Amino acid sequence: MMIFRRFESAIDQGIGRRKLGYLVLVLVVLFFLWFPNDASQSNYTKTVFISGFFYAIMSSSWALLAGIAGQFSFGHMAFMGIGAYAAGLIARDGITFAMLGLSIGPETISAFGAIIIGTIAAGAVGLVIGWLLLRLRAAYLALFTIAFSELFRIMMLTEYDYTGGSNGLSLRPLLQIEDVDAARQVEYYLMFGLLIVCLFALYRVANSPIGLFLRAMREDEDAASALGVNVVRYKILVFVFTSMIVGFAGAIFYSDVGSERIIPEQLEILQMSLIIAYAVIGGMESLIGAAAGAFISRYLLEAMRQVVITLPFGMTTYDGSDAFVWEPGYWRFALFGVVMVFTLRYMRNGLLYPIITWFSERDIAMKETVSRRESDDDHAARIEADDE
């Protein structure tokens, strides 16, 4: 402990924690930029990283909606599905405006154009739901989005002739690269770049006056409304904004980066539960914490599909091997649940919160506030003693 305090003091007197945090962040970004160029890394590992980037976008956007704005929603995967399904259907069938007598064929719509329309569709549905429900308390939003997500999944599953049912819907490829290795590398950079852009957009909103209003609404809607904040407007705004982000990410991911096919199984409530768990473990009130928690959790869940345990002291298994292979299967989700229970019980701000707090120098401000308050209390006690 004494060594850590000396190290902490040296950092504070030298480069400073915040600058050190920026340096660590730059090194992390450089690592992810270098990673796909490592010849020893397989396409499977790159695919796991790509999936981690996708879920990092989902968790960080949910952290803005629930952790910062206080709007607990279970509809993130549904809005992701709306963006992906809308992009796939428009790219396949085109779009028709019956009232205007206007029809646009699929051959005139590019893959990216279909993705943009899918993003707008996710935002439009989010606007309708927000307008209907966000005048009410958060519990109604949670209950409705659970029902809405399941209803949307059942619709995509049962409309076999139109959506492909359980076989899923193919999306038009965004990239046309025949070489598998080159395609995977481009897809990696595409998803990583999308994560950076989404985090930047979420950060800008969270640290703007709108973000201040959202935090005020989360703490006390009545007090925020009394101070002049249009609570309903900003609730709807952040709901539509996050719906469009996940709709865009879903359309991109399933157009080319993921499997070029979205299936109703991806819209199950279990998938939404994982998004929430990733955000909780990383830190609901921190965008970077939620994104890092999602990426690390996703990677570890994939790595635990098969665990090789090397036996010590020359021990061998019954077949003479010096290693034991453990395939936990779904038990890895049970272990993941234990970690989440531990987080909720002992570290409610997330496992990464102490690290983020230390680098952002928030703990210094907290220590100064506490020490100043204690000093004021001592001064008040002395005054009372003198009066007596």
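Reading the values: rules and limits
Residues numbered from 1 in each chain as written. Predicted model: local features only at pLDDT ≥ 70, side-chain atom pairs only at ≥ 80, totals over all residues. Heavy atoms only, no water. Helix = DSSP H or I, 4+ residues; strand = E, 2+ residues; numbered from the N terminus. Buried < 20%, exposed > 50% of the residue type's maximum accessible area, 1.4 Å probe, protein only. Contact = heavy atoms within 4.5 Å. Areas by Shrake-Rupley, 256 points an atom, 1.4 Å probe, with all protein chains shown as cover. Core = buried A, V, L, I, M, F, W, Y, C linked by side-chain atoms within 4.5 Å. Phe/Tyr/Trp six-rings, centres within 6.5 Å; stacked < 30°, edge-to-face > 60°. Axes fitted to C-alpha atoms, helices over the stretch in contact; angles between N-to-C directions. Parallel < 35°, antiparallel > 145°, perpendicular 65-115°, else oblique. Left-handed = near helix turned anticlockwise from the far one by under 90°. Nonpolar A, V, L, I, M, F, W, Y, C, P; charged D, E, K, R; others polar. Expected span 1.5 Å × (residues − 1). Arc of directions from axis to C-beta. Salt bridge = Lys/Arg side-chain N within 4 Å of Asp/Glu carboxyl O. Patch = residues over 30% accessible without salt bridge, like charges linked within 9 Å, V, L, I, M, F, W, Y side chains within 5 Å. pLDDT = per-residue confidence, 0-100. Polar contact = N/O pair within 3.5 Å; in protein donor to acceptor, adjacent residues only side chain to side chain.

A. Representation of the overall build of the protein chain in the model. From N to C terminus, the protein chain includes 16 helices and 6 strands. Taken over 388 residues, the protein chain has a buried fraction of 42%. A fraction of 74% describes how many contacts in the protein chain between residues 6 or more apart in sequence connect residues 24 or more apart. On the protein chain, roughly 21400 Å² of surface is accessible, and the fraction owed to carbon and sulfur atoms is 65%.

B. Focus on the nonpolar core. With 89 residues, the main nonpolar core has Phe-53, Phe-54, Leu-64 and Met-191 as its most contacted residues. In contact with Phe-54, not counting residues within four places along its chain, are Met-80, Met-191, Ala-249, Gly-250, Phe-253 and Tyr-254.

C. Just the packing of aromatic side chains, in detail. Taken as a whole and judged by the stated rule, the model has 32 aromatic pairs. Both rings, one in Phe-144 and one in Phe-148, keep their centres 6.4 Å apart while their planes meet at 10°; by these two values the pair is stacked. You can see Phe-144 and its partner Phe-148 sitting in helix α6 (residues 138-158), 4 residues apart, about one turn around the helix. We classify Phe-144 as partly exposed; its relative accessible area is 33%.

D. Representation of the packing of helix α12 (residues 269-282) against helix α14 (residues 331-346) within the structure. Following both chains from N to C, one finds α12 and α14 inclined at 45°, their axes separated by 10 Å at the closest point. Compared by their axis directions, α12 and α14 come out oblique. Helix-helix and strand crossings are classified by hand; for α12 and α14 the assignment is left-handed. Contact with α12, carried on its side by Leu-274, Ala-277, Tyr-278, Val-280 and Ile-281, involves Phe-333, Phe-336, Val-339, Met-340, Thr-343 and Leu-344 of α14 and no other residues of that element. Counted by class, the contact of α12 with α14 contains 10 nonpolar, 1 polar and no charged residues.

E. Spotlight on helix α2 (residues 17-34). Look at α2: 25 Å from first C-alpha to last across 18 residues, which is about the 26 Å you get at 1.5 Å a residue. Buried within α2 we find Arg-17, Leu-20, Gly-21 and Phe-32. Buried residues of α2, viewed axially, fall in a sector of 120°; they line one side. Exposed and facing more than 90 degrees away from the buried side of α2 are Lys-19 and Tyr-22.

F. A look at the environment of Leu-300. By the element assignment, Leu-300 lies in helix α13 (residues 287-303). Sequence separation of Leu-300 and Phe-336 is 36 residues, and the distance between their C-alpha atoms is 9.4 Å.

G. Representation of the packing of helix α3 (residues 43-68) against helix α4 (residues 76-93) in the model. Look at α3 against α4: their axes get within 11 Å of each other, and the N-to-C directions meet at 125°. Considered as vectors, α3 and α4 are oriented oblique to each other. Once α3 is placed against α4, the crossing between them reads as right-handed. Every residue of α4 that contacts α3 at Phe-54, Met-58, Ser-61, Trp-62 and Leu-65 is listed here: His-76, Met-77 and Met-80. For the contact of α3 with α4, the residue count by class is 6 nonpolar, 2 polar and no charged.

H. Geometry of the pattern of salt bridges. A complete count under the given rule lists 5 salt bridges for this structure. Across the pair Glu-187 and Arg-184 runs a salt bridge, and its minimum N-O distance is 2.7 Å. Remark: Arg-184 and Glu-187 occur in helix α8 (residues 180-206); sequence separation between them is 3 residues, near one turn of the helix. Of the two residues, Glu-187 and Arg-184, neither departs from the other in class, the shared state being buried. A salt bridge links Glu-285 to Arg-218; the nearest nitrogen and oxygen atoms lie 4.0 Å apart.

I. Here's a closer look at the side chain of Gln-271. Mapping Gln-271 onto the fold places it in helix α12. Setting aside residues up to four positions removed in sequence, Gln-271 forms contacts with Tyr-55, Met-77, Glu-265 and Gln-266.

J. Main features of a nonpolar patch on the surface. Taken together, Leu-23, Val-26, Leu-27, Leu-30 and Leu-33 make up a surface patch of nonpolar side chains, about 430 Å² in accessible area. Inspection of the secondary structure puts Leu-30 in helix α2.

K. Examining the confidence of the model for the protein chain more closely. In the predicted model, the protein chain carries a mean pLDDT of 81, and the fraction of residues at 70 or more is 80%. In this model residues 368-373 is a low-confidence stretch, pLDDT under 50, and it forms 0 contacts with partners more than four residues away in sequence or in other chains.

L. Main features of the side chain of His-76. Tracing the backbone shows His-76 in helix α4. In contact with His-76, not counting residues within four places along its chain, are Met-58, Ser-61, Trp-62, Leu-65, Thr-242, Val-246 and Met-272.

M. Seen up close, the environment of Asn-167. By the element assignment, Asn-167 lies in the loop between α7 (160-163) and β3 (169-170). Residue classification places Asn-167 among the partly exposed residues on the basis of a relative accessible area of 44%. Between the C-alpha atoms of Asn-167 and Leu-157, which are 10 residues apart in sequence, the distance is 8.7 Å. Residues in contact with Asn-167, not counting those within four places in the same chain, are Tyr-160, Arg-261 and Ile-263. Within polar-contact distance, the side chain of Asn-167 engages the side chain of Tyr-160 at 3.2 Å.

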